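Descriptive structure summary
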Amino acid sequence: MGKDLNNTKALWNRYLVLTGEMKKFINQDDVDMFLNLLEQRNILHNQLQEMGIGEFERSPEGKSLGSKIKIINADIQYKAQIWLNQAKGQERKVNASRSLGYGDNRFGANFNFYK
């Protein structure tokens, strides 16, 4: 039983580290590294789900670790929402410029009067 507890604790600590690294890279706008870490964390999440909730998760140390993860996750979700809003804004700008004849619109040359 002690071995399972230590294994669970190690997995949760690794989950915390990956979550912290995800926050670091999302703050640096490094999307590729963020997604790579997210994939690694999802694999770890699946392993933890298979193990179920056990003694470590119910312990004060496990609850404290879970609280830390929740706080970091909230920060990540906030930054991800900002990314999404920025991407939507950029898409609107691109669509607006295309409708005015800029970009890859084939009628764009008609608006280039001074060239």
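See above for the structure.
To start, this report covers the structure provided alongside it. (Residues numbered from 1 in each chain as written. Predicted model: local features only at pLDDT ≥ 70, side-chain atom pairs only at ≥ 80, totals over all residues. Heavy atoms only, no water.)

Overview of the side chain of R41
Selection criterion: Helix numbers and strand numbers start at the N terminus; a helix is a DSSP run of H or I with at least 4 residues, a strand a run of E with at least 2. Between buried and exposed lies partly exposed: a residue is buried under 20% and exposed over 50% of the maximum accessible area for its type, with that area taken using a 1.4 Å probe on protein chains only. Counting rule for charge: Lys and Arg are taken as positive, Asp and Glu as negative, and neither His nor the chain ends is counted. Between Lys or Arg on one side and Asp or Glu on the other, a salt bridge is scored when a side-chain nitrogen of the former is within 4 Å of a carboxyl oxygen of the latter. In the analysis that follows, any N or O atom pair within 3.5 Å is treated as a polar contact, provided that within protein one partner can donate a hydrogen and the other can accept it, and provided that, for residues neighboring in sequence, both atoms belong to side chains. Only heavy atoms enter the contact rule, under which two residues are in contact if any of them lie within 4.5 Å.
Examined against the element boundaries, R41 turns out to sit in helix α2 (residues 31-51). Of the side chains with opposite charge, D75 comes closest to the buried, unpaired R41, at an N-O distance of 11 Å. Among the polar contacts listed, one links the side chain of R41 to the side chain of N73, at a separation of 2.8 Å. Those residues in contact with R41 that sit more than four places away from it in its chain are Y15, L18, T19, M22 and N73.

Some details on the nonpolar core
As a reminder of what qualifies: Among buried residues, those of type Ala, Val, Leu, Ile, Met, Phe, Trp, Tyr and Cys that are joined through side-chain atoms within 4.5 Å constitute a nonpolar core.
In terms of nonpolar packing, the biggest core is built from 18 residues, with W12, Y15, F34, L44, L48, I69 and I76 touching the most fellow members. It is helix α1 (residues 2-27) that provides the largest number of residues to this core, a total of 8 residues. Filtering out sequence-adjacent residues up to four positions away, I76 remains in contact with T19, M22, K23, I26 and F34.

Here's the deal with the side chain of K79
Tracing the backbone through its elements, the reader meets K79 in helix α4 (residues 60-99). Beyond its immediate stretch of four places on either side in the chain, K79 contacts I26, N27 and D29.

A look at the layout of surface pockets
For clarity, the cut-off: Only protein atoms enter the 1 Å grid used here. Points where a 1.4 Å probe fits but cannot escape make up a cavity, open sets with protein on both sides within 12 Å along at least five of seven lines make up a pocket, and a residue lines them when an atom lies within 4 Å of a point. Grid points are joined across faces, edges and corners, and a volume is the space filled by probe spheres set on the points. Residue polarity follows a fixed list, in which Ala, Val, Leu, Ile, Met, Phe, Trp, Tyr, Cys and Pro are nonpolar, Asp, Glu, Lys and Arg are charged, and the others, Gly among them, are polar.
Considered as a void within the structure, the largest pocket measures approximately 330 Å³ in volume. Lining the largest pocket are 16 residues, with W12, H45, L48, I53 and E57 positioned closest to its centre. The set of elements that each furnish at least two residues to the lining of the largest pocket consists of α1, α2, α3 (55-58) and α4. Per-element tally for the lining of the largest pocket: the top contributor is α4, with 7 residues. Counted by class, the lining of the largest pocket contains 7 nonpolar, 6 polar and 3 charged residues. Quantified by volume, the second largest pocket comes out at close to 160 Å³. Lining the second largest pocket are 10 residues, and of these D4, L5, T8, G54 and E55 sit closest to its centre. Secondary structure elements with two or more residues in the lining of the second largest pocket: α1 and α3. Residue composition of the lining of the second largest pocket, by class: 4 nonpolar, 3 polar and 3 charged.

Taken by themselves, the reported measurements are silent on function.
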